[in-house]
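So the chains spell out like this:
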Amino acid sequence: MDQDHAADRTPDHIPFSIDLTFEEARRRAEVVAALGPDWDPVAALRDEEAAYSLLYSGLDAEQQRTYDALVAAGVLPERPGRPGGEPGHAASH
């Protein structure tokens, strides 16, 4: 089959465009609307920080070494200034 003949049977393409900036703004507005009027981003962040601190608290010596190695490697973020802890050390409860 000849290439020109095959190209003749290809359907015409219909131009399509979308404004990604508008769509991203719409998506974000929908997310905020779905969260509802009672959503408190400061409280959510505070609760997330508390959960993270609890997750890495009370580590035994081997777990602490693993945690410190992961922080040093950049896998886990260093968390200076968190209550009861130094950079790279989880607080004990």
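Residues numbered from 1 in each chain as written. Predicted model: local features only at pLDDT ≥ 70, side-chain atom pairs only at ≥ 80, totals over all residues. Heavy atoms only, no water.

Engineer: Quick question: what am I supposed to make of the environment of S57 here?
Structural biologist: Secondary-structure assignment places S57 in the loop between α3 (41-55) and α4 (61-72). For S57, the side chain forms a polar contact with the main-chain oxygen of L54, separated by 2.8 Å. (Helix = DSSP H or I, 4+ residues; strand = E, 2+ residues; numbered from the N terminus. Polar contact = N/O pair within 3.5 Å; in protein donor to acceptor, adjacent residues only side chain to side chain.)

Engineer: So what exactly am I meant to see when it comes to the packing of aromatic side chains here?
Structural biologist: Any aromatic ring pair is given by two values, namely how distant the centres are and how the planes are angled relative to each other. Inspection of the entire model under this criterion finds two aromatic pairs. Residues Y52 and Y56 carry aromatic rings whose centres are separated by 4.9 Å and whose planes lie at 55 degrees to one another, so their mutual orientation is tilted. Both rings, one in Y56 and one in Y67, keep their centres 5.0 Å apart while their planes meet at 45 degrees; by these two values the pair is tilted. Placement of Y56 in the loop between α3 and α4 and of Y67 in helix α4 is noted, with a sequence separation of 11 residues between them. Residue Y67 is classed as buried on the basis of its relative accessible area of 3%. Among the aromatic side chains, those forming a connected cluster through ring pairs are Y52, Y56 and Y67. (Phe/Tyr/Trp six-rings, centres within 6.5 Å; stacked < 30°, edge-to-face > 60°. Buried < 20%, exposed > 50% of the residue type's maximum accessible area, 1.4 Å probe, protein only.)

All we've got here are geometric facts, nothing functional implied.
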